[in-house]
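# Reading the structure
This is what each chain is made of:
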Amino acid sequence: MTTMTATRLKRWLSVFLVVYVIASCVVQLQDSAGGLVRWSGFSVLVPVTAAALLPVRRSLIIGVCTLAASVATYGFAIHGVSAGGRTVVITAVALSFALSLVVCRVRLLMNPPVAVTRNRSCPPGPADGRAGRVPEAPHAVPAPPAGTVSALPDALPQPAVVELAGHYRTGSGRLGTRAQWLDAIPLSGARVGLVAGAVAGPDADATASELRAAVRTLADVDLQPDELLTHLADVLARLRPDVRPSPDTRTGGSSAGAVSAQCLYAVYDPASCRCTLAGAGSPPPAVITPEGTVTCLDLPQGPPLGQTDLPFESTEIDLPEGSLLLLHTHTGGKGAQDSGNEELLSALARPQPCLDATCQSAVKALLHAPHAQVAVLAVRTHALDTRTVATWDLPADPAAVSYARAHIAEKLASWGLPDAAPTTELIVSELVTNAIRHAQPPIQLRLIHHAGSLVCEVADGSSTSPHLRRARTFDENGRGLFIVAQLAERWGTRHSHHGKTIWAEHSHAPDRPTTAA
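How each quantity is defined
- Residues numbered from 1 in each chain as written.
- Predicted model: local features only at pLDDT ≥ 70, side-chain atom pairs only at ≥ 80, totals over all residues.
- Heavy atoms only, no water.
- Axes fitted to C-alpha atoms, helices over the stretch in contact; angles between N-to-C directions.
- Helix = DSSP H or I, 4+ residues; strand = E, 2+ residues; numbered from the N terminus.
- Parallel < 35°, antiparallel > 145°, perpendicular 65-115°, else oblique.
- Left-handed = near helix turned anticlockwise from the far one by under 90°.
- Contact = heavy atoms within 4.5 Å.
- Nonpolar A, V, L, I, M, F, W, Y, C, P; charged D, E, K, R; others polar.
- Expected span 1.5 Å × (residues − 1).
- Buried < 20%, exposed > 50% of the residue type's maximum accessible area, 1.4 Å probe, protein only.
- Polar contact = N/O pair within 3.5 Å; in protein donor to acceptor, adjacent residues only side chain to side chain.
- pLDDT = per-residue confidence, 0-100.
- Salt bridge = Lys/Arg side-chain N within 4 Å of Asp/Glu carboxyl O.

## Things to note about the packing of helix H10 (residues 421-438) against helix H11 (residues 480-487)
Viewed as axis vectors pointing N to C, H10 and H11 meet at an angle of 150°, and their least axial separation amounts to 9 Å. Between H10 and H11, the interaxial angle falls into the category roughly antiparallel. Read as a crossing pair, H10 and H11 show a hand that is left-handed. Taking contact as the criterion, the partners of Thr-423, Leu-426, Ile-427, Glu-430, Leu-431 and Asn-434 in H10 are, on H11, Gly-480, Leu-481, Ile-483, Val-484 and Leu-487. Grouping the constituent residues of the contact of H10 with H11 by class yields seven nonpolar, three polar and one charged.

## Observations regarding H10
With 18 residues, H10 extends 25 Å from end C-alpha to end C-alpha; this agrees with the ideal 26 Å at 1.5 Å per step. Those residues of H10 that sit buried are Ala-421, Thr-424, Ile-427, Val-428, Ser-429, Glu-430, Leu-431, Val-432, Thr-433, Asn-434, Ala-435 and Ile-436. Buried-residue contacts for H10 involve strand S13 (389-394), helix H9 (400-414), strand S14 (443-450), strand S15 (453-460), H11 and strand S17 (499-507).

## What to know about the side chain of Thr-207
By the element assignment, Thr-207 lies in helix H5 (residues 204-220). Given a relative accessible area of 3%, Thr-207 falls into the buried group. For Thr-207, the side chain forms a polar contact with the main-chain oxygen of Asp-203, separated by 2.9 Å.

## Let's talk about the confidence of the model for the protein
For any part of a model where pLDDT is low, the fine detail of the predicted coordinates should not be relied upon. Mean pLDDT over the protein stands at 77; residues scoring 70 or higher make up 75%. Note on residues 249-257: pLDDT is under 50 here. Beyond four places in sequence and across chains, it has 17 contacts. Across residues 510-517, confidence stays below pLDDT 50; counting only partners more than four residues off in sequence or on other chains, it has 13 contacts.

## Things to note about the pattern of salt bridges
Once their charged atoms are close, side chains differing in charge can pair, the charge on each being opposite to the other. On inspection of all chains with the given rule, the structure shows 11 salt bridges. Arg-387 is paired through a salt bridge with Asp-385; the nearest N and O atoms lie 2.7 Å apart. Accessibility expressed as a relative area gives 64% for Arg-387, which makes it exposed.

Shown next, in the form of C-alpha cells:
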C-alpha cells in the first residue's frame, strides 16, 4: 500500500511540474504581448526538484523539457527581452539542468539499480568472464497484470554453454491464481539443466517457489529428467495432499484437486551436444536448427504433476551448436496448446534479429486465448571446444590405471597445465581403480577443461553407487573416494540408462586451496 501511494505521488508530482512549466511559458507569452516582460526564477528549480524526487528517466525528461521551453520562449518567442537578459535566463536554466544531472548521478551511485533478467540482447555482448556462476535464485513469478508483457523480474543464471532469454505474459480477462518459473541450473561436466514450470490454484506462488527449490535440489544430485519429475510429483503430493491421485486417476486420468502443476525439465550436455527432456503436463518444446528448420519435438505426453503414479518418460535428441531450444508453459482453454503450437511454429519460421526478439515473438504467438498465460525460455546452445575435451576408452584391466595417468599427464602438458598433473593423476587413478574393481565395462575416462576448472569423469556399465566412508586403521580398502573428496572441490555420481558416471572437479590453479567434501 505504501509503495502504491508513493508511486501515485510521484506521478502527480511529474504532472504538476510539467503543467507549471507550460503555464509559466503561457503567462510570459501573454504578458509580453502587452509589453511586459518578466521572468520567474522558480523555473530554475524545476529540473533540480525533479532530479531529487522523481525517477531518473522521468527527471531527465522534465529537465530537458524545461530547458527547451525556456530557450524557445525567451530565445525566439518573446522579442522584448534584451540580449543580456536572454542570456541570463537561458544560462540559469541550463545550469539548473546540469545540476540536475549531477543529482541524478549521485542518486545512481548511492542506490545502484537491481539487476534484472540477463538476457542476451541484440546483438550479443562479449562473454562475461564470470559466466557459469549462479546468482541468487529468483523466486517463482506470479501472474502479472492482464495484457502486460515483460522480461522475468529476477536474474536468470547464465551458464557459459548456453545463451538465455526469458519472457512471460498474461492475456486479458479474469485470471486465476497462477505462478510460473523459468530456470537454468549449472550441472556437473559443464552441463546445464533447463526448467519451465507453472502452477495454477490456491497459493500458486508459494507452491511454485517450493517446487522450484525442489527441482534445484533434485538436479544437484544429477537425476535423469524422468526420475526428477517422478520425485517432484512426490514433493508436490507432500506439499499439497489434495492433489494425490485417486484410484480412478492412477492410470493417467485427471485429478479433481484444486492445484494443477506442469513442468518441463531438460539437460543439455555441451560435450556431446545432446539434450535429454521429460515433461509433466507441459507443451512440447520447439527447436530451430542452425539451418533455420523449425520443428516441434515429439515428447511423450506426461500428465500434470501429482495426477498419476505412473513413471514419466524421457527423450534424447541431438542439438548441434547454434540450435535454439524453446521451452514454454501454457495455461488456457481447451485446445489452446494445439493451436498455440501451430502459431508458435509460424512465428518461429520468421527470422528474428536476436534471441530476445525470438522470445518475445514466441510469447505473442502463444498468447492467443483471452485467459491464456505463457512463459517462454529461449535457449541457444554452444558446444565445448574439442581441444578442451579428451576421452579415452579403457580396458577392465588394472594395467589401465597407469595408461590413464600417462594420458592425463600428456593432455595437461598440451593444455599448458603441467602443475595440475599430480592432483589430476591421483584423482583419476582412484576413480579408474574403483571402476575396474567394483564395476563392469565399458569403462570410459573423460577430462574437461572448462571455466578455469578440470573435471575428471569415469563412466562404467554398473548402476551401483559408491559411498564415501572413513576407513579404519587396518582396513585395506575404502580410502579411494575419501582421497578424491580431499583433493576435489566437488564430486558426485550421476546415473544413466547405460550405467553411471563418477566425476570430480578441481581448480587447476596450484595456489588455490581445496576443500574437503
